[in-house]
Amino acid sequence: MGSLSFALSERPPLQPRQWQSRLIQLLRSRLLQGGGSQDVLIHAGPGAGKTLGALLGVQQLQREGRIGRFVVFCHRTAIAGQWLEAAERLGLALSDWSGPTEPSPAAGLLLSYQSAALHRDHLVQQLLQWHASPWLAIADEVHHLGVDPDDPEAAGWGHAFEGLSSTAALRLGLTGTPDRKSTRLN
């Protein structure tokens, strides 16, 4: 009997779902129109493919030369592993950022909302270096960034995201997953 061989590291290229293809078209359209709304909000349930859809959008826009880099802001560090795994699956360079360091050579940074708020000044300096090419800001579980109009100083995470992403060519918000601990990536 011959030996069995499983090439688990060699996966076929991922084909976007129909809605993910429309997301890529929408992101491209927003970048091309310029001057209009640069915010896109995706609301979908668990397992719909929001993480993968966002990263497929990044991958396509990078291939087309429409963006150079991207930053993923997450609500919890527990979700970071899902983003890193999905980015690796697509061959995207995503660096987990946990505090003031030298600028990352990776095309993408991954950080928690809390890190963004705590190290805002340092991140501003790092992101200023990105002005040479358009970049994309992704806010995972964006509903955690709400700003209270009755207490505008209370929402530190929302203010940090607003300030840090103000130079992004486009901002993509993902929401709708009540509990991400057990959801799939695709």
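Here the residue index of a chain counts from 1 through its sequence in written order. Where local features are concerned, this predicted model is filtered to residues with pLDDT of at least 70; where side-chain atom pairs are given and counted, the filter is 80 or more; whole-chain, interface and lining totals use all residues. Working from all heavy atoms in the structure, the side-chain values ignore hydrogens and water.

> So what exactly am I meant to see when it comes to the environment of Leu128 here?
Per the convention used, a helix needs a DSSP run of H or I reaching at least four residues, while a strand needs a run of E reaching at least two, with both numbered from the N terminus. Along the polypeptide, Leu128 turns up in helix α5 (residues 120-128). Leu128 sits in the partly exposed class, given a relative accessible area of 42%. For the pair Leu128 and Thr167, spaced 39 residues apart in sequence, the C-alpha separation works out to 8.2 Å. Exposure is judged per residue with a 1.4 Å probe applied to protein chains only, and the accessible area is read against the type maximum: over 50% gives exposed, under 20% gives buried, and values in between give partly exposed.

> Is there a simple way to explain the layout of surface pockets in this structure?
Left-over empty space is what a probe sized like a water molecule reveals as it rolls over the atoms. When its volume is computed, the largest pocket comes out at roughly 200 Å³. If you trace the largest pocket, you find 13 residues lining it, with Asp39, Val142, Phe161, Glu162 and Arg171 closest to the centre. Elements supplying a minimum of two residues to the lining of the largest pocket: β1 (39-43), α6 (156-164) and β6 (170-175). Note on residue classes: Ala, Val, Leu, Ile, Met, Phe, Trp, Tyr, Cys and Pro are nonpolar, Asp, Glu, Lys and Arg are charged, and everything else, Gly too, is polar. Partitioned by chemical class, the residues of the lining of the largest pocket number eight nonpolar, two polar and three charged. Any residue with an atom within 4 Å of a point lines the site, the site being either a cavity, points on a 1 Å grid over the protein atoms alone where a 1.4 Å probe fits but cannot get out, or a pocket, an open set with protein on both sides within 12 Å along at least 5 of 7 lines. Grid points are joined across faces, edges and corners, and a volume is the space filled by probe spheres set on the points.

> Would you mind showing me how to read the confidence of the model for the chain here?
Low-pLDDT stretches of the model should not have their predicted coordinates read in fine detail. Within the chain, residue pLDDT values average 81, and 76% of them lie at 70 or more. When mean pLDDT is compared element by element in the chain, helix α2 (residues 50-63) scores highest at 95, while α5 scores lowest at 80. The predictor rates its confidence in each residue with pLDDT, a number between 0 and 100.

> How do you make sense of the nonpolar core when you look at a structure like this?
Taken as a class, soluble globular proteins show a tendency for nonpolar side chains to be buried jointly. Residues belong to one nonpolar core when they are buried, are Ala, Val, Leu, Ile, Met, Phe, Trp, Tyr or Cys, and are joined through side-chain atoms within 4.5 Å. With 31 residues, the main nonpolar core has Leu55, Phe70, Val72, Trp83, Leu136, Ile138 and Leu172 as its most contacted residues. Secondary-structure elements contributing two or more residues to this core are α1 (18-33), β1, α2, β2 (69-74), α3 (77-90), β5 (135-140) and β6. Of all hydrophobic cores here, the second largest spans 16 residues; its members include Val71, Phe73, Leu127 and Leu164.

> How should the environment of Leu61 be read in this particular structure?
Among the secondary structure elements, Leu61 is positioned in helix α2. Judged by relative accessible area, which is 1%, Leu61 ranks as buried. For the pair Leu61 and Trp135, spaced 74 residues apart in the sequence, the C-alpha separation amounts to 9.9 Å. Contacts are assigned to residue pairs that have any heavy atoms within 4.5 Å of one another. Once residues within four sequence positions are removed from consideration, Leu61 is found in contact with Leu27, Arg28, Leu31, Arg66 and Ile67.

> Mind showing me how you'd approach the sheet that holds strand β4 (residues 108-112) here?
The strands making up a sheet associate through hydrogen bonds between their backbones, and the pairing can be parallel or antiparallel. A pair of strands is treated as paired once DSSP finds two or more bridges between them. In space, the six strands of this open sheet follow the order β1-β6-β5-β2-β4-β3, with parallel pairing throughout. The open sheet is flanked by β1 and β3 (94-96), the only strands paired with a single partner. The average angle at which neighbouring strand axes cross in this sheet is 20 degrees, direction not considered. The pairing of β5 with β6 spans five bridges and is classified as parallel. Lines are fitted to the C-alpha atoms to define the axes, a helix being fitted only along its stretch in contact, and any angle between axes, read from their N-to-C directions, falls within 0 to 180 degrees.

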